[in-house]
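Next come the chains, spelled out residue by residue.
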Amino acid sequence: MKKIVNLYGLPSKIVNEQNKQAAEYAASKGLEYVWVPMNPFTNEKAVAALKGADAGIIDVETYDRAIFQEIKDTVKILVRYGVGFDAVNLKDATEAGIAISRTTAANAQAVAEMALTMIMGAKRLMHKNSDNVNSGKWERLIGSEMFGKTLGILGFGAIGSRVAKLFSGFDCNVLVYDPFLPKDVAESAKVKLVELDEIFRESDAITVHVPYTKENHHIVNAERIAMMKETAVIVCTARGNLIDEEALAAALKEHRILGAGLDVFAHEPLPLDSPLIGLDNIILASHNSAQTREALWNMYKKAIDVAAAYLNGEDIGRDLLNPELKQKG
């Protein structure tokens, strides 16, 4: 029986239960399933866990030549638990003959719901409201609604498109920046494709769902933040380096925009000396947009399905990130 090792997740009642369920599901696919929690993650621990395995399920940590060369004798495929793969060196993986995949769309609903939650929380000043009540202060803060307003979405993939659907009941004017989105797809989704600067000038709320690439580094920068309305908010549940955190912190501190919500950061865990810490108009979360019972199971199942298919010689299509290693079938 071929072996798949899962390096994702820390022990808890829910995670333990889902790993038991995953082991049963993997067995139905002809795979022996082993869960090895990584806390803290080190290259040595990852190599020790993956050596001898045929497949692995990995998280957001860096995977490069140092790991690939140690596990290449047995490991045929690593499945990234989630969508972003910027921490995986595809060139090094391909050189080692290791296929890289991801659990595309498996967590889309969970992340989209988190984006909506952060937008509405920021618009209604929920962070400050909660702090006030907890400190004994009773103040009726005046926030802002989203009904009939303009929503800006950067990236209209599985997550961005779901955010648009979630806001359909708000009668929002939805603006989208996505250079890869066909015009007919935008029209059928009833969204308007626009240039990046228009998103920042016109939107009452902006949500970021583009992948992190060299070109997208600090796509949200001081210049674009300066274009935003004073009543606008911005949230990001994608990758930290998409936003210039110092520029955002300065705008929030000076109340040049209403608020923000971040679930991802340039450095994680977020350092306590970050300028984002202590602000009363930002909602912060610990990279857990995908942490719902439903999304966790969707990702376990998808990862096992992809690994099993690849190991069986099947073509996994667009799920394969280094197509040079495509199975011939």
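Undergrad: Looking at this structure, how should I read helix 1 (residues 13-28)?
TA: One turn of an α-helix holds 3.6 residues; hence residues three or four places apart share an orientation. When the terminal C-alpha atoms of helix 1 are compared, their 23 Å separation across 16 residues agrees well with the 22 Å that a helix rising 1.5 Å per residue should span. The positive-phi residue at the C-terminal boundary of helix 1 is Gly30, with phi of around 80 degrees.

Undergrad: Whenever I open this one, the packing of helix 1 against helix 12 (residues 293-311) confuses me. Can you help?
TA: Any two packed helices are characterised by how steeply their axes cross, that is the angle between the axes, and by the distance between the axes. The N-to-C vectors of helix 1 and helix 12 enclose an angle of 30 degrees; their axes lie 10 Å apart at closest approach. Judged by the angle between their axes, helix 1 and helix 12 are roughly parallel. The handedness of the crossing between helix 1 and helix 12 is right-handed. Residues Ile14, Val15, Gln18, Asn19, Gln21, Ala22, Tyr25 and Ala26 of helix 1 touch helix 12, and the partners they reach there are Arg293, Leu296, Trp297, Tyr300, Lys301, Ile304 and Asp305. Among the residues making up the contact of helix 1 with helix 12, the classes are represented as nine nonpolar, three polar and three charged.

Undergrad: Even after reading the chapter, I still don't get the side chain of Asp319, so can you show me in this structure?
TA: Mapped onto the elements of the fold, Asp319 is located in the segment after helix 12. When residues no more than four places from it in sequence are discounted, the contact partners of Asp319 are Ile100, Ser101, Arg102, Thr104, Lys302 and Val306.

Undergrad: Please clarify how the nonpolar core should be interpreted in this entry.
TA: Side chains that are nonpolar tend, in soluble globular proteins, to be buried together. Counting 62 residues, the largest nonpolar core has Tyr33, Ile77, Ile119, Leu151, Ile153, Val163 and Phe167 as the members making the most contacts within it. Per element, the largest residue contribution to this core is 13 residues, and it comes from helix 12. With near-sequence residues (within four places) excluded, Ile119 lies in contact with Met146, Leu151, Phe167, Ala205, Thr207, Val233 and Val235. Judged by nonpolar contacts, the second largest core, of 34 residues, contains Tyr177, Ile206, Ala232 and Ala260.

Undergrad: What is the right way to look at the sheet that holds strand 12 (residues 282-284) in this model?
TA: Paired through their backbone hydrogen bonds, the strands of a sheet run either parallel or antiparallel. Here we have seven strands laid out as an open sheet, ordered 8-7-6-9-10-11-12, and parallel in their pairing. In this open sheet, the two strands that pair with only one neighbour each are strand 8 (192-193) and strand 12. Against the sheet, helix 5 (residues 108-123) contacts strand 6 (150-154), strand 9 (205-208), strand 10 (233-236), strand 11 (259-262) and strand 12, and its axis sits at roughly 150 degrees relative to strand 10. Each of strand 6, strand 7 (173-177) and strand 9 touches helix 7 (residues 158-166); the most contacted strand, strand 6, lies at about 170 degrees to it.

Each value, and the rule that gives it
Residues numbered from 1 in each chain as written. Predicted model: local features only at pLDDT ≥ 70, side-chain atom pairs only at ≥ 80, totals over all residues. Heavy atoms only, no water. Helix = DSSP H or I, 4+ residues; strand = E, 2+ residues; numbered from the N terminus. Expected span 1.5 Å × (residues − 1). Axes fitted to C-alpha atoms, helices over the stretch in contact; angles between N-to-C directions. Parallel < 35°, antiparallel > 145°, perpendicular 65-115°, else oblique. Left-handed = near helix turned anticlockwise from the far one by under 90°. Contact = heavy atoms within 4.5 Å. Nonpolar A, V, L, I, M, F, W, Y, C, P; charged D, E, K, R; others polar. Core = buried A, V, L, I, M, F, W, Y, C linked by side-chain atoms within 4.5 Å. Buried < 20%, exposed > 50% of the residue type's maximum accessible area, 1.4 Å probe, protein only. Pairing = 2+ DSSP bridges.

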